[in-house]
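Structural characterization, general
What follows is each chain in one-letter form.
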Amino acid sequence: MMKVTVDLCVIPLGAGVSLGGYIAACERVLEDAGLSHELHPYGTNIEGEWDAVFAAVRRCHEVVHDMGAPRVFTTLKVGTRTDRDQSLQDKVASVHRHLGQA
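Quantities reported herein were computed from a predicted structural model and do not represent experimental measurements.

1. Some details on the pattern of salt bridges
Taken as a whole and assessed by the stated rule, the structure comprises four salt bridges. For Arg-58, the salt bridge is made with Glu-62, and the minimal N-O distance between the two is 3.0 Å. With Arg-58 and Glu-62 both in helix H2 (residues 50-66) and four residues apart, this pair spans about one turn of that helix. Salt-bridge contacts for Arg-59 lead to Glu-62; the nearest nitrogen and oxygen are separated by 3.2 Å. You can see Arg-59 and its partner Glu-62 sitting in helix H2, three residues apart, about one turn around the helix. For Arg-59, a relative accessible area of 38% translates into the label partly exposed. The exposure class of Glu-62 is partly exposed, given its relative accessible area of 28%.

If you want it as structure tokens, here you go:
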């Protein structure tokens, strides 16, 4: 199995300007999937096994459509590495060390 880190941004189209409810529904999907994730102002960082992460991304689309959004636009940034395990926190800590903030 391959571990993946994803930056997910789900944008419901035709659903009005207040999107917090849709984003909360996707956060519930990630919780239910048991995936490690961190919400940020313009998306959510997710880490886990490839199949589980992409199944959750699909489920987010299904849930948002079920909530009445006729269209869903999603951007993904996907990263994998095979040389070692590295968590989202590891990546941030590395930058802080370089800034002398460790």
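2. Some points on the sheet that holds strand E3 (residues 43-49)
The strands that make up a sheet are held in pairs by hydrogen bonds between backbone atoms, and each pair lies either parallel or antiparallel. Across the sheet, four strands lie side by side as E2-E3-E1-E4; this open sheet has antiparallel pairing. Looking at which strands have only one partner, the edges of the open sheet turn out to be strand E2 (36-40) and strand E4 (71-79). Strand-to-strand, the axes of this sheet are offset by a mean angle of 20 degrees, without reference to chain direction. Two strands pair when backbone bridges link them, and strand E1 (residues 3-13) and E4 are joined in this way by nine bridges, in the antiparallel orientation. When the sheet's bridge partners are listed, Cys-9 is paired in E4 with Thr-75. Here helix H1 (residues 20-32) sits on the sheet in contact with E1, E2 and E3, set at roughly 165 degrees to E2.

About the thresholds
- Residues numbered from 1 in each chain as written.
- Predicted model: local features only at pLDDT ≥ 70, side-chain atom pairs only at ≥ 80, totals over all residues.
- Heavy atoms only, no water.
- Salt bridge = Lys/Arg side-chain N within 4 Å of Asp/Glu carboxyl O.
- Helix = DSSP H or I, 4+ residues; strand = E, 2+ residues; numbered from the N terminus.
- Buried < 20%, exposed > 50% of the residue type's maximum accessible area, 1.4 Å probe, protein only.
- Pairing = 2+ DSSP bridges.
- Axes fitted to C-alpha atoms, helices over the stretch in contact; angles between N-to-C directions.
- Contact = heavy atoms within 4.5 Å.

Just geometry here; none of it tells us what the structure is for.
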